[in-house]
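What follows is the residue order along each chain.
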Amino acid sequence: MILGTGIDIIEIHRIQAAIERWGEAFLNYVFTPVEIDHARKHKFPYPHYAGRFAAKEAIFKATGAPQFAWHDISITNDSDGKPVCVHRDPDFKLHILLSISHCRDYAVASAIVTS
Ligand SMILES: CC(C)(COP(=O)(O)OP(=O)(O)OC[C@H]1O[C@@H](n2cnc3c(N)ncnc32)[C@H](O)[C@@H]1OP(=O)(O)O)[C@@H](O)C(=O)NCCC(=O)NCCS
């Protein structure tokens, strides 16, 4: 059963500026190690950081759970490249379906929560 949906869009340059200004402190505050590893595989990592940032915002909207911390959710990719959402609490029962896209200037993500 669908319980909620969320969407978010972000300008990639805002994430790039935050990373350039705050460096590792910003990266480690917002992103999990697996998310940082994924972005760093790319020559220009900022769209991938921005996509995950947007995805986490979309998840917060979809779940209606603003008490989530940034690291509660880790976004990985399956063997096809499809984004997969992993909650660090093994007892977290909801399923979160994600889609991420980025172009030159923007990253966008949508999340659908199901039971
Ligand atoms: C996978 C694909 C859809 C990605 O699209 P794109 O325009 O290159 O890239 P986008 O910026 O829109 O999306 C990138 C994000 O897509 C997601 N993604 C990658 N592979 C995916 C897949 N197999 N399924 C779902 N999402 C995928 C990832 O989250 C990725 O971002 P990330 O690496 O930062 O996590 C594209 O490369 C592709 O294979 N297209 C084929 C389309 C096709 O065959 N159409 C005809 C039949 S309908």
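Scroll up to find the structure this text is about.
Residues numbered from 1 in each chain as written. Predicted model: local features only at pLDDT ≥ 70, side-chain atom pairs only at ≥ 80, totals over all residues. Heavy atoms only, no water.

K.L.:
I would appreciate a short explanation of the environment of Val-108 in the present structure.
P.N.:
You can see Val-108 is positioned in strand E5 (residues 106-114). In this structure, the C-alpha to C-alpha distance between Val-108 and Ile-2, residues 106 residues apart in sequence, is 21 Å. With residues near it in sequence (within four places) discarded, Val-108 still touches Ile-7, Asp-8, Ile-9, Ala-54, Ser-99, Ile-100 and Ser-101. (Helix = DSSP H or I, 4+ residues; strand = E, 2+ residues; numbered from the N terminus. Contact = heavy atoms within 4.5 Å.)

K.L.:
Any chance you could explain the site of the ligand here in plain terms?
P.N.:
Neighbouring the ligand are His-38, His-48, Arg-52, Asn-77, Asp-80, Gly-81, Lys-82, Pro-83, Ile-100, Ser-101 and His-102. His-48 places a polar side-chain atom, nitrogen or oxygen, 2.7 Å from an oxygen atom of the ligand. Contacts to the ligand include Ile-100, whose backbone N or O atom sits 3.3 Å from an oxygen atom. Alone, the ligand offers 920 Å² of accessible surface; in the complex the protein occludes 39% of this. Secondary structure elements with two or more residues in the shell around the ligand: helix H4 (46-63) and strand E4 (95-102). It is E4 that contributes the most residues to the shell around the ligand, three residues altogether. When grouped by side-chain class, the residues that make up the shell around the ligand number two nonpolar, six polar and three charged. (Near = heavy atom within 4 Å. Polar contact = N/O pair within 3.5 Å; in protein donor to acceptor, adjacent residues only side chain to side chain. Areas by Shrake-Rupley, 256 points an atom, 1.4 Å probe, with all protein chains shown as cover. Nonpolar A, V, L, I, M, F, W, Y, C, P; charged D, E, K, R; others polar.)

K.L.:
So what exactly am I meant to see when it comes to the pairing of strand E2 (residues 73-77) here?
P.N.:
Consecutive side chains of a regular strand alternate in pointing toward one face of the sheet and then the other. Relative to strand E3 (residues 83-87), E2 runs antiparallel, the two sharing five bridges. Across the sheet, the residue bridging to Ser-74 is Val-86, located in E3. Counting the residues in the hairpin turn of E2 and E3 gives five residues, including Gly-81, whose phi is positive at 100°. (Pairing = 2+ DSSP bridges.)

K.L.:
Would you mind showing me how to read the sheet that holds E5 here?
P.N.:
Strand pairs in the sheet, formed through backbone hydrogen bonds, run parallel or antiparallel to each other. Taken in spatial order, the three strands line up as E1-E5-E4 in an open sheet, and their pairing is antiparallel. The open sheet has two edge strands with one neighbour each: strand E1 (2-11) and E4. Put simply, the sheet's adjacent strands are angled 10° from each other on average, direction ignored. The sheet contact formed by E1 and E5 spans nine bridges and is antiparallel. (Axes fitted to C-alpha atoms, helices over the stretch in contact; angles between N-to-C directions.)

K.L.:
Teacher, can you tell me more about the environment of Ile-19 here?
P.N.:
Take Ile-19: it is sitting in helix H1 (residues 12-22). You can call Ile-19 buried: its relative accessible area is 10%. C-alpha of Ile-19 to C-alpha of Ser-74: the two residues are 55 residues apart in sequence and 19 Å apart in space. In contact with Ile-19, other than residues within four places in its own chain, are Phe-26, Leu-27, Tyr-46 and Tyr-49. (Buried < 20%, exposed > 50% of the residue type's maximum accessible area, 1.4 Å probe, protein only.)

K.L.:
I keep staring at the packing of aromatic side chains and nothing clicks. Help me out?
P.N.:
Two aromatic rings are characterised by how far apart their centres lie and by the angle between their planes. Following the criterion strictly, the structure yields five aromatic pairs and no others. Here Phe-26 and Phe-31 contribute two aromatic rings whose centre-to-centre distance is 6.4 Å and whose plane-to-plane angle is 75°, an arrangement assigned as edge-to-face. Accessibility classification places Phe-26 together with Phe-31 in one group, the buried group. (Phe/Tyr/Trp six-rings, centres within 6.5 Å; stacked < 30°, edge-to-face > 60°.)

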